[in-house]
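# Chains, contacts and geometry: an overview
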Amino acid sequence: MDTKVCYHCGDNCTDTTILLEEKPFCCNGCKTVYEILSESDLTCYYDLQASPGAIPKEIEGKYDFLSQEKIVEKLVDFDDGKTQIATFYIPHIHCSSCIWILENLNKLNPAVSLSQVNFGKKTVRVSYDTSHFSLKQLVLLLSSVGYEPYISLEDYKTGKQNVNRSLIYKLGVAGFAFGNVMFLSFPEYFEVDGFWLDQYKHIFRWIMFSFSLPVVFYAAQDYFVSAYKAIKTKILNIDIPIALGIVVLFLRSTIEIILNTGSGFFDSLTGLVFFLLLGKFFQQKTYSFLSFERDYKSYFPIAVTKVFNKTEVPVQVYDIKKGDRLLIRNQELIPVDGILINGKAKIDYSFVTGESETVTKQSGDKLFAGGKQTSGVIEMEALKSVEQSYLTQLWSNDVFSKNKEDGFTTLTNAISKNFTIAVLSIAFIATTFWLYYDASKAMNVFTAVLIIACPCAIALSAPFTFGNLLRIFGKKKFYLKNASVIEQLAHINTIIFDKTGTITSNKKSDAKYEGEPLSNAEEVLLKNTLRGSNHPLSRGLYDILEENNIISLDHFEEHLGKGIEASHNTQNIKIGSAKFVGHQNETEVLNTSVYVSTNNTYKGKFTFYNSYRKGLSKLFNSLKKQYELVILSGDNEGEFENLKKLLPAKTKLLFNQKPDDKLEYIKYHQTEGAKVLMVGDGLNDAGALAQSNVGVAISENVNVFSPACDAILDATKFNQLNHYIKASKKAINIIKWSFVLSFFYNVIGLYFAVTGQLAPVIAAILMPLSSISIVLFTTISTNWIGRQLK
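Residues numbered from 1 in each chain as written. Predicted model: local features only at pLDDT ≥ 70, side-chain atom pairs only at ≥ 80, totals over all residues. Heavy atoms only, no water.

Let us now look at the overall build of the protein chain. The helix and strand tally for the protein chain stands at 28 helices and 28 strands. Within the protein chain, buried positions represent 51% of all 790 residues. Residue pairs at least 24 apart in sequence account for 67% of intrachain contacts in the protein chain once pairs closer than 6 positions are excluded. Accessible area for the protein chain stands at about 37,600 Å²; split by element, carbon and sulfur atoms hold 54% of it. (Helix = DSSP H or I, 4+ residues; strand = E, 2+ residues; numbered from the N terminus. Buried < 20%, exposed > 50% of the residue type's maximum accessible area, 1.4 Å probe, protein only. Contact = heavy atoms within 4.5 Å. Areas by Shrake-Rupley, 256 points an atom, 1.4 Å probe, with all protein chains shown as cover.)

Turning our eyes to something else, we now look at the sheet that holds strand β11 (residues 345–348). Pairing is antiparallel in the open sheet, where three strands are placed in the order β12-β11-β14. Looking along the sheet, the strands with just one partner apiece sit at the ends: β12 (358–361) and β14 (372–373). Pairing between β11 and β12: four bridges, direction antiparallel. When the sheet's bridge partners are listed, Lys346 is paired in β12 with Thr360. (Pairing = 2+ DSSP bridges.)

Moving on: the packing of aromatic side chains. On inspection of all chains with the given rule, the structure shows 20 aromatic pairs. Seen in terms of ring centroids, Phe497 and Phe620 are 4.7 Å apart; in terms of plane orientation they differ by 35°. Their pairing is tilted. Highlighted residues: Phe497 in strand β17 (residues 494–497) and Phe620 in helix α23 (residues 616–623), separated in sequence by 123 residues. Each member of the pair, Phe497 as well as Phe620, is classed as buried. Ring pairs connect the aromatic residues Trp206, Phe209, Phe217, Phe250 and Phe266, which therefore count as one cluster. For the cation-ring pair, Lys527 lies above Tyr542, with the distance from its terminal atom to the ring centre recorded as 4.0 Å. (Phe/Tyr/Trp six-rings, centres within 6.5 Å; stacked < 30°, edge-to-face > 60°. Lys NZ or Arg CZ within 6 Å of the ring centre and 35° of its normal.)

As a further point, take the pairing of strand β15 (residues 378–382). Of all the five residues making up β15, four are buried; the element is thus mostly covered by neighbouring parts of the structure. The sheet contact formed by strand β9 (residues 325–328) and β15 spans four bridges and is antiparallel. Bridge pairing in β15 links Leu326 to Met380.

Moving on: the pattern of salt bridges. Under the defined criterion, the tally for this structure stands at 12 salt bridges. In this structure, Asp498 engages Lys662 in a salt bridge whose closest nitrogen and oxygen atoms are separated by 3.0 Å. A residue pair is termed long-range when its members are at least 10 positions apart, and Asp498 in the loop between β17 and β18 (504–515) and Lys662 in helix α25 (residues 659–671) qualify at 164 residues. Here the residues in one salt-bridge network are Glu312, Arg329 and Glu332, joined through shared partners. (Salt bridge = Lys/Arg side-chain N within 4 Å of Asp/Glu carboxyl O.)

With that settled, the discussion passes to the environment of Lys624. Relative to the assigned elements, Lys624 resides in the loop between α23 and β24 (628–632). With a relative accessible area of 43%, Lys624 lands in the partly exposed category. On a C-alpha basis, the gap between Lys624 and Thr651 in space is 8.0 Å, while along the polypeptide they are 27 residues apart. Setting aside chain neighbours within four positions, we find Lys624 in contact with Leu629 and Pro648.

The phi dihedral of Asn260 is positive, around 60°, even though this residue is not glycine. Position of Asn260 among the secondary structure elements: in the loop between α12 (239–259) and α13 (266–283). We note that Lys477 has phi near 70°; this positive angle belongs to a residue other than glycine. Its location among the elements puts Lys477 in the loop between α18 (456–475) and β16 (478–480).

Turning our eyes to something else, we now look at the sheet that holds β15. Pairing in this open sheet of six strands is antiparallel, and the strands run β8-β7-β9-β15-β10-β13 from one edge to the other. What marks the edges here is a single partner per strand, and that holds for β8 (311–316) and β13 (366–367). When strand β10 (residues 338–342) meets β15, the two strands line up antiparallel, connected through four bridges. Within β15, the position partnered with Ile339 by the bridge is Glu381.

Here α25 spans 19 Å end to end across 13 residues, near enough to the 18 Å set by a 1.5 Å rise per residue. All buried positions along α25 are accounted for by Pro659, Lys662, Leu663, Tyr665, Ile666, His669 and Gln670. Projected down its long axis, α25 shows its buried positions confined to an angular sector of 160°, all on one face. Of the residues trailing α25, Gly673 is marked for its positive phi of about 100°. (Expected span 1.5 Å × (residues − 1). Arc of directions from axis to C-beta.)

Among soluble globular proteins, nonpolar side chains are generally buried collectively. Phe473, Phe478, Ile495, Phe497, Ile503, Leu677 and Ile725 are the most contacted members of the largest nonpolar core, which totals 101 residues. Ranked by residue count, the leading element in this core is helix α27 (residues 721–754), at 11 residues. The next biggest cluster of nonpolar side chains, apart from the first, holds 44 residues, and it includes Cys30, Tyr34, Ile302 and Ala303. (Core = buried A, V, L, I, M, F, W, Y, C linked by side-chain atoms within 4.5 Å.)

Another aspect to go through is a nonpolar patch on the surface. A grouping of Trp206, Val247, Leu251, Ile255, Ile258 and Leu259 is seen on the molecular surface, where their side chains present a nonpolar patch of about 570 Å² in accessible area. Among the elements that make up the nonpolar patch, the one with the highest residue count is α12 (five residues). Along the chain, Leu251 falls in helix α12. (Patch = residues over 30% accessible without salt bridge, like charges linked within 9 Å, V, L, I, M, F, W, Y side chains within 5 Å.)

In structure tokens form, the structure reads like this:
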């Protein structure tokens, strides 16, 4: 059969094809979008890329809450009474056609004065005239053309986030000062005399002093703050010798130009701060299109519809009280725990549990916050407020307010403790020696040792190694929250995996038939009966079965929560639960099964099995020698035998684990010395991900969903997890070799310092040379690691 493709969205027009101007559309929604664009002379949208659109969703009443001024104030970036500016996240942005249509919104409505797309962040920033247009109308306009914005409770709770650019400003100040001081130092380097010596030497030196002031008191202030906090807590970190070196450089240089005994070390001072900030900037890699700190507020709606005195009014989620009657539309999240009053509820709890199968609920059944209604409209009565509901209780655990980095000592800080003691010891020993032999050189030697032994190269090793590896991992679809995650990843000794959605694929499942063979006529009837049902199990089985001829059924009926029944000519078929098809002798079955009977005769059952990710067995076998491997699953033991066959013999398999159980399991093993890597996918894994030393979220689409975590791994790269861990360990070795190289430079520098021969030109050559060589070594080494990753 020739299947036509929708001109707007690209989906197959399977059931009915709607033609307009000889163009096929899969539904009225796609046809309407085409008509809107055609009326506004915007059909060029389809010329940039074939079928670029998305099917518009039913949104009647969904955005009524945007009529409330209190909510609008939180969502807009700017409002002067005449013009408003709002920025929306648009998940569907994916190609040049999307950019083109969104930046031409003014042609769809002249009240829009400007719209700009940030393709990387998938956002659109819109300016519009509030006298003719409102925020609600803007959202409806975007939705009408298939670009429905994603508006969550987090947007209302936090408002718009300010971007911290202080590091960029400090780096700019240090770089500007460093460049100018280097130029002003050239005459001193080449010992120019005569007219310059008499007229401009002092001016140049005081100009260099002026350039150093913002570097020391602004650009370098973070190092002083960190050193002060470390001393206050009696901890020796890398910032103590750095701050000490900066202070000594500045004081000695200032004294030299005041007493006219030399030009000072302003070039080395500004260069030191510049390279340190450059390393910090390089390490501060962020993925603006990802969020590593999501909780339930990121996914909850801002408002829902409350039914009061037979009228429907939008109410903010935080204003919901016990006893309120709420209207939940199709595809809306349930914001609070409650009781179903009326309507057919098919709840998808995958958001909370990670399980993709929908749960059917009857009137009087309890509904939990976080479930998504997938079939029509329901009414429910709230039992609790948002803060008291089951889902939000997951975030009341102290683990979510804990900073993992607080209890972790980095390799750089571990070495810096010994480094600081060694430098100070050398400085005091050398000073004591010169006080005995030549007291006039003692102070110069003391300051020279602190200057040349400043751990600039050591401080740059980790930032440039981790910073470059962050970028390499990102290109390989492994996105880390920050550079410290790499170091913690290198120290793990236990790996815990969730099952559903983590080691199994959400996109497909397998089904095995057990029973009497079906005739060709029965197979055709089975396939066509499943075709008429929208139940997830029906759709899953329909996709698995082979293609068959399409026939018109004489009778079709779906029994809610039981199964489906259909007939064609003289044949009748029932598909559903064992009881529904008349099969009573079934023992307890752990795996999900769909039973089939024809003409009131039981035929057999289709048992669904998880489809495990490609390379799962190979991955576990590569990890088993070095790590303790554990599967923590919220499912029953239905997959126990399959997993035993797939995974190494020593792998621990634990089932029926609730979110709190997973968290407590990790916490207990950490007290026993385990360094835990937790790999999960659902919001129910958030507690375990937060408690673990490193939490990695597996995501089928990194732009759409990820719970709070330390890293996000694209599901297609799951079988490469062991390579990422190995690369992290190799990065630690690179840093250690960088320290050896840094030690070599320090030995040379200390020779000049201890013997009283350290001149500004030697410091100006040696300090940048050590920094540049470390940067080159770490960059080349990490690129070599990157080439080994697939």
